[in-house]
Amino acid sequence: MGTHAPSLRGVAGESLLIAAGGRAILLQLANPAIGHGVADHSHFAAKPLARLNGTLSYVYATVFGEADLAAAMAARVNHAHVPVHSVGPTPKYNAFTPKLQLWVAATLYESATHLHALIYGPLDDDTADAVYSEYARLGTSLQVPPELWPKDRTAFRQYWNEQLPLLTTDAATRAVAHELLHSRSAPFWYRAALPLARLMTAGLLPPRVRVLFELPWSKRHERRFDRVLGGIRLIYPRLPRALRHWPKNHYLRVLRKSALRESPVAAPAPVV
């Protein structure tokens, strides 16, 4: 493919990566502690876009925002996490647990770079190393100590491969995933995009995780997924950069306006 992004900013700014959002969220839900934290404290039925909006706001503010905007967004996330802890027989969880925040950041990094590679081809080693080291900020801006982030891409792959077999689902976490992918309360444009979102999410997920969420998959689904990817490869890289980066620029405009109007902890932005 031959097209290489120069840094994390080049990779993270691509609107295409929003298509990997469902994959990242389901990988997070398949961690039992995170999944039950979301099931107990998020409101997917009433606000199906809240988690995606919160995650995108945090990523864009952390990667592209000025230091004060990034700090304000981290404060919002921390404020939203205060009540997120277990209170019964469900799996024990606390949104401030560094290892849980590490998994959230890991799913964002791995999902973004996985889809980016499918469309543009693999990054060269120097660029991939730079993107990887910079992605650590998505965790270390919250409670992940720098030494907890795997030291290089080889260590990350080992961590990732160790975590995948530990993932599991139950009725509660599968119900959250179903609500995300079959929402009846979302805006019309979101509901209209759901068939494609379901196909992309299922196709991008590791096969075992796809089975955990009982997502249908067949040779027919695989052919459709491959055709969609082929169309994206043909069209998306040729779009003007301003269009490819429009969501990032839009979120930053909204965040900067809200930072002027509100205290840093006024609006929730659920990430975990």
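Data block above holds the structure.
Given the structure is predicted, the values throughout are model-derived calculations rather than measurements.

Considering the arrangement of structural elements, one finds H245 in the loop between α14 (241–244) and α15 (246–261). Sequence-distant contacts of H245, that is, excluding residues within four places in its chain, are made with R9, G10, G13 and E14.

Among the surface-exposed residues, K219, R220, R223, R224 and R227 lie close enough to one another that they form a single positively charged patch. Tracing the backbone shows R224 in helix α13 (residues 219–235).

The next thing to look at is helix α4 (residues 50–64). Note: α-helices contain 3.6 residues per turn, so residues at a spacing of three or four share the same orientation. Under the 1.5 Å per step criterion, the end-to-end length of α4 is 21 Å for 15 residues, consistent within 8% with the ideal 21 Å. Among the 15 residues of α4, 12 are classified as buried, and the element is accordingly described as predominantly covered.

Quick look at the environment of S111 now. By the element assignment, S111 lies in helix α6 (residues 98–120). Exposure remark for S111: the relative accessible area of 2% places this residue in the buried category. A C-alpha to C-alpha distance of 8.8 Å links S111 and L205, two positions 94 residues apart in sequence.

Under the defined criterion, the tally for this structure stands at seven salt bridges. Among the salt bridges present, the one from R174 reaches E214, with a minimum N-O distance of 3.7 Å. Taken together, the positions of R174 in helix α10 (residues 171–181) and E214 in the loop between α12 (207–212) and α13 put the pair 40 residues apart, joining distant regions of the chain. The class for R174 is partly exposed, based on a relative accessible area of 26%. Here the residues in one salt-bridge network are R23, E110 and R157, joined through shared partners.

Thresholds applied
- Residues numbered from 1 in each chain as written.
- Predicted model: local features only at pLDDT ≥ 70, side-chain atom pairs only at ≥ 80, totals over all residues.
- Heavy atoms only, no water.
- Helix = DSSP H or I, 4+ residues; strand = E, 2+ residues; numbered from the N terminus.
- Contact = heavy atoms within 4.5 Å.
- Patch = residues over 30% accessible without salt bridge, like charges linked within 9 Å, V, L, I, M, F, W, Y side chains within 5 Å.
- Areas by Shrake-Rupley, 256 points an atom, 1.4 Å probe, with all protein chains shown as cover.
- Salt bridge = Lys/Arg side-chain N within 4 Å of Asp/Glu carboxyl O.
- Lys, Arg positive; Asp, Glu negative; His and termini not counted.
- Charge placed at Lys NZ, Arg CZ, Asp CG, Glu CD.
- Expected span 1.5 Å × (residues − 1).
- Buried < 20%, exposed > 50% of the residue type's maximum accessible area, 1.4 Å probe, protein only.

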